[in-house]
Amino acid sequence: MTTQEIVQKLWGLCHVLRDDGITYHQYVNELTYLLFLKMAAETGAEADQLPDGWRWRDLEARDGLDLLQFYRELLVHLGGAGSPRVRAIFSGASTSLRQPRNLRKLVDSIDELDWYSARQEGLGDMYEGLLEKNATEQKSGAGQYFTPRVLIESMVACVKPRAGEVIQDPAAGTGGFLIVANAAIDSFDLSEKEQRFQKEEAFWGMELVPDAHRLLLMNAMLHGIEGHLELGDTLAPEGARLPKADVILTNPPFGTKKGGGMPTRDDITYPTSNKQLVFLQHIYRGLLPGGRAAVVLPDNVLFEEGTGTRIRADLMDKCDLHTVLRLPTGIFYAQGVKTNVLFFTRGRSDMGNTRATWFYDLRTNMPSFGKRTPLTRAHFAPFEAAYGDDPHGRSPRTDEGAEGRFRCFTRDEIARRGDNLDVTWLRDESAGRHEELPEPDVIAAEITAKLLEALAEMEALNVLLAPDEVLAGG
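Model, not experiment: these values are computed from the prediction.

Draft legend 1. Local environment of the sheet that holds strand 6 (residues 319–326). One open sheet accounts for nine strands, arranged 3-2-1-4-5-7-6-8-9; its pairing is mixed. At either margin of the open sheet sits one strand with a lone partner, and together these are strand 3 (228–231) and strand 9 (406–410). Averaged over all adjacent pairs, the angle separating strand axes in this sheet is 15°, with direction ignored. Sheet topology places strand 6 next to strand 7 (residues 339–346); seven bridges connect them, and they run antiparallel. If you follow Cys319 over to strand 7, its bridge partner there is Arg346. Running at roughly 155° to strand 5 (residues 287–298), helix 10 (residues 149–159) makes contact with strand 4 (245–250), strand 5 and strand 7 of the sheet. Across the sheet, helix 15 (residues 275–285) touches strand 1 (167–169), strand 4, strand 5, strand 6 and strand 7, and the angle it forms with strand 5 is around 160°.

Following this line, the structure appears as C-alpha cells:
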C-alpha cells in the first residue's frame, strides 16, 4: 500500500463523521490525536512519551460510552502529562465527536491500516498528505496554514539551506518550509554532532494559531525535527526573542491586523497595520549578515505607498533584494490574492546593498492554477534555471528583454518608480479569453479579498485620523 493509498483511505473516513457534524479541519485534529497514539504504539515510543494507562491499547480495549468518555479524559490528561512534546500536542485538546460508534469506527479503521507499508513509505509523508488534503478543501479555510509544497520545494532549491545553519519560519503554519529544508540538508553526509544540531537546534518556528501549532508539532515530530517550535505571535514581543537566522523561509498570513491595530513589538521601525509589511521588517532585521531569505508576499507589499514605500527602501538598503518571482494566480485558492516571492540577502552594512533586482514573471499568460490545472514542480523549472546555482542570486543571468519572462531593473530605475516593485512588462494575451478565466469561486474569492483589503485600509486610516485622546485610549 502506497502513501497515497493510505492517505486516501484515512481521508475517506471523514465521510463517516458527517453525522457528527465534524468539519474537515476538526477531522484532521481528531486524526492527529489518534494517529499520535497509534504511531507511538507502532514505533515503540510509548514508554518514552506516554504515561502508563493512557496509551493506544487502553483506548482500543474500551467500547460504547466508556470508549468516548475515556477518550475525552485522555485528551485532557495528556495535556498535562507525558513528554514535553506530548503535552504541547495535547494542550487544550478536546474532541468534537459525540457518537461512540464514530470513534469506534475511527479506532478500528486506523488499526486496520497497513502500518508496515506506512513505516516503509514514511509516516511523515503520510501526515503531510493528510494536511495537503485538508488544505485543498476550499471551504475548510485551512489553506492559510499550508503553502503548496511544489512552491516550497522551489524556494528551498534556490536558497539552498546548509548543515549548521539556523533556519527560521516566523509564520510556521504546519511546518512545510522547515520540513522541506530539513529534507534538503538530509542529503548531506553529516557527522554525529551535526546531526544532533540539525535535529535539536537548527530549526526555529513560531505559529499563532493553536490548532495549526498542534499540526506543526506533529508534522515536525514525524520528520525527526525537535527544534524550537513555539506557540506565539511573531508581531508581539515574543517574536523579537527569535534568534537571528542564517536562512528565513516563510509565507506570512495574508490580511491586515484585526481592527487596523498596530504590532505590539517595540523594535519595529515602521509600525503599520499591514501584517505582511511588519513580517517583512521582522525578516530582514532577523537575518545574520550574509543571511538569505525567501518570503511569499502579496502584491500590495510591492506598491503600497507611505509606510510601505519607506519599508521597501529600507529593505533595499539593508539587503540585496536580488530576485522577485511573480507567482501565477490560483495558488492560494481560498484567499484569492496575487502573490510573489522576494529573495534577498542581508548586507554586511545597512546602506546601498541593492544594486539591481531581477524580476521573473510566472504570472502573465500562465494558466489559472487550481483543481482543474494543478501547479507542479515542472512549472518552476524555467525560473530555477534563470535563478542559477548561487543561493545569493549572483549566478550569471541574462535579461530576456521585453518579450521574455526574466528582466533586470537597476536600483536607480526602481527609485525613479518611487520604489514601486509592482513591475510588469509582458502583454496579457489571455485578456478576454473566457476559457482562461479562473473558476467562479476563485473570482469571488479575489473580489472578497480586495473588498476586505480596502476595508482594512479604511480602518487604518480612521485610526490615523482619530483625535489624540482617542488614540491614547485605544
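Draft legend 2. A look at the environment of His228. Here His228 shows up in strand 3. For the pair formed by His228 and Met206, sequence separation is 22 residues and the distance between their alpha carbons is 8.3 Å. For His228, the residues in contact, after removing those within four places along its chain, are Glu200, Glu201, Phe203, Trp204 and Gly205. In this structure the side chain of His228 is engaged in a polar contact, spanning 3.1 Å, whose partner is the side chain of Glu201.

Draft legend 3. Highlighting helix 10. The buried fraction of helix 10 amounts to nine of the 11 residues, a majority that puts the element mostly inside the structure. Looking at the residues trailing helix 10, positive phi occurs at Lys160, about 55°.

Draft legend 4. Quick look at the packing of aromatic side chains. All told, the structure shown has 12 aromatic pairs when counted by the stated rule. Summarising the aromatic geometry, the rings of Tyr360 and Phe406 are spaced 5.6 Å apart at their centres and angled 50° between planes, so their arrangement reads as tilted. Residue Tyr360 is located in strand 8 (residues 356–361), and its partner Phe406 is located in strand 9; the two are separated by 46 residues in the primary sequence. Phe406 shares its class with Tyr360; the two are buried. One aromatic cluster is present, built from ring pairs that chain together Phe343, Trp358, Tyr360, Phe383, Tyr387 and Phe406. The ring of Phe70 has Arg62 lying over it, and the distance from NZ or CZ to the ring centre is 3.9 Å. Above the face of the Trp425 ring, Arg407 is positioned so that its terminal group lies 5.9 Å from the ring centre.

Draft legend 5. The pattern of salt bridges, seen in detail. Tallying each qualifying case throughout the model produces 20 salt bridges. In this structure, the salt-bridge partner of Asp299 is Arg363, at a minimum N-O distance of 2.9 Å. Here Arg363 lies in the loop between strand 8 and helix 18 (381–387) and Asp299 lies in the loop between strand 5 and helix 16 (300–303), a separation of 64 residues in the sequence. Classification of Asp299 as buried rests on a relative accessible area of 11%. Judged by relative accessible area, which is 16%, Arg363 ranks as buried. What emerges from the salt-bridge pattern is a single network uniting Asp299, Arg326, Arg363 and Asp422.

Basis of the calculations
Residues numbered from 1 in each chain as written. Predicted model: local features only at pLDDT ≥ 70, side-chain atom pairs only at ≥ 80, totals over all residues. Heavy atoms only, no water. Pairing = 2+ DSSP bridges. Helix = DSSP H or I, 4+ residues; strand = E, 2+ residues; numbered from the N terminus. Axes fitted to C-alpha atoms, helices over the stretch in contact; angles between N-to-C directions. Contact = heavy atoms within 4.5 Å. Polar contact = N/O pair within 3.5 Å; in protein donor to acceptor, adjacent residues only side chain to side chain. Buried < 20%, exposed > 50% of the residue type's maximum accessible area, 1.4 Å probe, protein only. Phe/Tyr/Trp six-rings, centres within 6.5 Å; stacked < 30°, edge-to-face > 60°. Lys NZ or Arg CZ within 6 Å of the ring centre and 35° of its normal. Salt bridge = Lys/Arg side-chain N within 4 Å of Asp/Glu carboxyl O.

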